[in-house]
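Residue strings, one per chain:
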Amino acid sequence: EISQMWDVIYLLSDNRIIMVNDKKEILKEIKVKNYKETGFLIYKDILYVSSDKKIYEVPLNNLNKVKIVEIE
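Quick caveat: nothing in here was measured; it's all calculated off a predicted structure. (Residues numbered from 1 in each chain as written. Predicted model: local features only at pLDDT ≥ 70, side-chain atom pairs only at ≥ 80, totals over all residues. Heavy atoms only, no water.)

### Observations concerning the sheet that holds strand 5 (residues 39–43)
Where we set the bar: Whether two strands pair comes down to DSSP finding at least two bridges between them. Elements are defined by DSSP. Helices are runs of H or I of four residues or more, strands are runs of E of two residues or more, and each kind is numbered from the N terminus. For helices, the fitted axis covers only the stretch in contact; all axes are lines through C-alpha atoms, and the angles between them, taken along N-to-C directions, range from 0 to 180 degrees.
With antiparallel pairing, the four strands of this open sheet are ordered in space as 5-6-7-8. Here the strands that pair on one side only, and so sit at the sheet edges, are strand 5 and strand 8 (67–70). Adjacent strand axes in the sheet meet at a mean angle of 20 degrees, parallel and antiparallel pairs treated alike. As paired strands, strand 7 (residues 54–59) and strand 8 are joined by four bridges and run antiparallel to one another. Considered in strand 8, the bridge of Glu57 is made with Lys67.

Here it is as structure tokens:
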């Protein structure tokens, strides 16, 4: 485990971001290229992940609705 936000979102050294429930069951997983160059934040119940010229937008109330924005 590299970093965590609250007890539900983890940035792992094997280049994954996982979201878990209170029972520590994985609800959502996002693969990134390099965890050292990945940033993430939560604003208005949306998780934003920036990695490899992409921004992933994950609504925390609907983890299956991931929007990916390419950055040029």
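Next, the rest of the story.
### Section: the confidence of the model for the chain
Short version of the rule: Per residue, pLDDT measures the predictor's confidence, with a range of 0 to 100.
Scored by pLDDT, the chain has a mean of 85; 92% of the residues are at 70 or more. Mean pLDDT across the elements of the chain bottoms out in strand 1 (residues 3–5) (59) and peaks in strand 8 (92).

### A few points about the side chain of Thr38
This is how the line gets drawn: Think of a polar contact as two N or O atoms within 3.5 Å of one another; within protein, one of them needs to be a possible hydrogen donor and the other a possible acceptor, and neighboring residues in sequence only count if both atoms come from side chains. Contact criterion: two residues are considered in contact whenever any of their non-hydrogen atoms come within 4.5 Å of each other.
Along the chain, the position of Thr38 falls in the loop between strand 4 (26–31) and strand 5. Separated by 2.9 Å, the side chain of Thr38 and the backbone oxygen of Asn34 make a polar contact. Within the structure, the side chain of Thr38 is placed 3.4 Å from the side chain of Ser51, a separation counted as a polar contact. Not counting residues within four places of it along the chain, the set of residues in contact with Thr38 comprises Leu11, Ile17, Val32, Val49, Ser50 and Ser51.

### Quick look at the nonpolar core
The nonpolar side chains of a soluble globular protein tend to be buried, and buried together. Selection criterion: Nonpolar cores are built from buried Ala, Val, Leu, Ile, Met, Phe, Trp, Tyr and Cys residues. Side-chain atoms within 4.5 Å join them into one set. For every residue, the accessible area (1.4 Å probe, protein chains only) is compared with the maximum for its type, and the residue is labelled buried under 20%, exposed over 50%, or partly exposed between those bounds.
Grouped together as the largest cluster of nonpolar side chains are 13 residues, with contacts concentrated most on Ile17, Met19, Ile30, Leu47 and Val49. Where this core is concerned, the elements lending two or more residues are strand 2 (9–12), strand 3 (16–20), strand 6 (46–51) and strand 7. With residues up to four places along the chain from it excluded, the contact list for Val49 reads Ile17, Val32, Thr38, Gly39, Phe40, Lys54, Ile55 and Tyr56.

### A closer look at the pattern of salt bridges
What counts, and what does not: Each salt bridge in this description consists of a side-chain nitrogen of Lys or Arg and a carboxyl oxygen of Asp or Glu lying within 4 Å of one another.
As enumerated under the stated definition, the model contains three salt bridges in all. Residue Arg16 pairs with Asp14 through a salt bridge whose shortest N-O separation is 2.9 Å. The shortest N-O distance in the salt bridge between Glu29 and Arg16 comes to 3.2 Å. With Glu29 in strand 4 and Arg16 in strand 3, this pair connects stretches of sequence that are 13 residues apart. With relative accessibility at 39%, the residue Glu29 sits in the partly exposed group.

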